[in-house]
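Topology and contacts: notes
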Amino acid sequence: MEKDIYDCVGIGCGPSNLSIAAQLYGTHEVRNIFFERKSEFSWHSGMMLPDAGLQVSIFKDLVTLTEPTNRFSFISYLHQHGRLLTFLNAQFSQISRLEFAAYLKWAAHSNENINFDEDVRGIIFDGNHFAVQTSRRKVLCKHIIIGVGIEPYTPDFARPYADSETHFHVYEFAHKPRQVGGRRVVVVGGGQSGAEVVLELLRRTGMEAPCQVSWISRRDNFSPMDDSPFTNDLFTPAHSNFFYRQDTTFRKAFLKRNELASDGISEHTLRSIYQRLYTMRYIEHSPMQVSLMPSRNASDVWREGSAWTLASQHLVSNTEEKHKADILVWATGFRPAAHPFMGALGRRLEREGSEIRVDRDYAAIWAGPADRHIFVLNAARSQRGLADPNLSLMAWRAQIVINRILNRPHDPKLDADAFVYWGTLEVN
Ligand SMILES: Cc1cc2nc3c(=O)[nH]c(=O)nc-3n(C[C@H](O)[C@H](O)[C@H](O)COP(=O)(O)OP(=O)(O)OC[C@H]3O[C@@H](n4cnc5c(N)ncnc54)[C@H](O)[C@@H]3O)c2cc1C
């Protein structure tokens, strides 16, 4: 066991905790250490398809919204790598996800407080400190910051078969063997990740091309993500704070109504798919059979010989359909990752539905001393709103957590930057 007591230990090092690590870098006020189980930084590497783009502004990087002069900004990355001007001149309509991942990797590996290849296995609280057991050592700290992110979700009926070479979650797509040539591929899920896989398949030609691509979605159509200015105001501190103050009935209904603000498909991807279909049909006269099938709810799957049969319910006619697949890809989203390392400590945390209940500062509400905190990042969408799982408010959230650790007041001007007034007007 290390003798030193850290102010905070971060568990997991994806963008959420990386933002905190970047904003703490160089400070002597908060002794911090972060543990990441992977041997080096990677960002959703199984979904790094060549054309995938970042879905937020580059200003929503690890630090810029709260500390624009921090050395870990995306602009600083470009500058350090001698490509700021060429980046500007390239006039990208969207930033490559590959480039953003390279930026995150640079930030992670330039920060010696981040330790790779160290899996957090257990945490206990001795009444004064947390003892964090990793795969290599035990450390003591005053606060812990859980940033373990998301894990892929597949429906229950598909789970027993998932993760084979021919039946897997989209999260693994780039890691799977790429022999789809001449085979029938079914993609289930009408969000961004499903769209990216479909586009990738449609782009294949010759021996590499599947003979059939079927795309199944529960939604009425292949719907765009709403990226308009007032919708983007839902991804501001002002809205997150407003949302946090509302009751659960309102919050639940709001998230459902505004689902396409975050879960739709980028217009860029939709246009690319449409244009590719046009080219295939009228210019290349491609033999690939493509079926776009919205309004279907996948309901069962089973093996028949070496192939899969997927059953779906057509939501308009209520009839059952069957789809044959040699390769079945589930693009059915993600859920916040579980926290097995919390053990018995997990039972001391209040819950709100499936989430840990957090206070305004993302600290879990728990049966423990008021000056010891368990912060929870990217796991409070139903309490904090649409922006919680994405990059938009990550730097702001990191600043809130740091302020709480330091007992420092939050800068109110960081919360005020939005045009829409979400709350009620005061009555005189
Ligand atoms: C393919 C994809 C693209 C996305 N693109 C965008 C986008 O363009 N814009 C946007 O706003 N949002 C995007 N998101 C949503 C969101 O920004 C990302 O999911 C982001 O990675 C969340 O960061 P995180 O740190 O919370 O979690 P993660 O990135 O999931 O990181 C969690 C880390 O914790 C580690 N870990 C887990 N358990 C342990 C343990 N016990 N011990 C040590 N380490 C552990 C994991 O290995 C992982 O590295 C995207 C999501 C996906 C899946």
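This text gives an overview of the structure that appears in the document. (Residues numbered from 1 in each chain as written. Predicted model: local features only at pLDDT ≥ 70, side-chain atom pairs only at ≥ 80, totals over all residues. Heavy atoms only, no water.)

**Notes on helix α12 (residues 394-406)**
Counted only if it meets this: Only DSSP runs of H or I reaching four residues or more are called helices, and only runs of E reaching two or more are called strands; each is numbered from the N terminus. Every helix has an expected span of 1.5 Å times one less than the residues it contains. Relative accessibility decides the category of a residue: with a 1.4 Å probe and only protein chains considered, values under 20% of the type maximum give buried, values over 50% give exposed, and everything between is partly exposed. Contact criterion: two residues are considered in contact whenever any of their non-hydrogen atoms come within 4.5 Å of each other.
An ideal rise of 1.5 Å per residue puts 18 Å on 13 residues; α12 measures up with 18 Å between its terminal C-alpha atoms. In terms of burial, α12 is largely enclosed, as 11 of its 13 residues are buried. The inward-facing, buried residues of α12 contact β1 (5-11), α1 (15-24), β6 (138-146), α7 (237-245), β19 (374-376) and α11 (381-384). With its phi angle positive at about 60°, N407 sits one or two positions after the end of α12.

**Re the environment of D247**
To keep it simple, the criterion reads: For the purposes of these results, a polar contact is taken to be a pair of N or O atoms within 3.5 Å, where, inside protein, one atom must be able to donate a hydrogen and its partner to accept one; residues adjacent in sequence count only when each atom of the pair is a side-chain atom.
Take D247: it is sitting in the loop between α7 and α8 (248-257). C-alpha separation for the pair D247 and Q383, spaced 136 residues apart in sequence, amounts to 9.1 Å. A polar contact is formed between the side chain of D247 and the backbone nitrogen of T249, at a distance of 3.2 Å. Looking at D247, its side chain comes within polar contact range of the main-chain nitrogen of F250, at 2.8 Å.

**Side note on the sheet that holds strand β9 (residues 184-188)**
Rules: When DSSP finds two or more bridges between two strands, those strands count as paired. All axes are obtained by fitting lines to C-alpha atoms, using only the stretch in contact for helices, and the reported angles, taken between N-to-C directions, cover 0 to 180 degrees.
If you walk across this open sheet you meet the five strands as β8-β15-β9-β10-β11, and the pairing is parallel. Strand pairing shows two members of the sheet lacking a second neighbour, β8 (167-169) and β11 (289-293), which therefore form its edges. Ignoring which end each strand starts from, the neighbouring axes of this sheet average 15° apart. When β8 meets strand β15 (residues 327-330), the two strands line up parallel, connected through three bridges. Looking across to β15, one finds that H169 is bridged to W330.

Coordinates in, geometry out; function isn't part of it.
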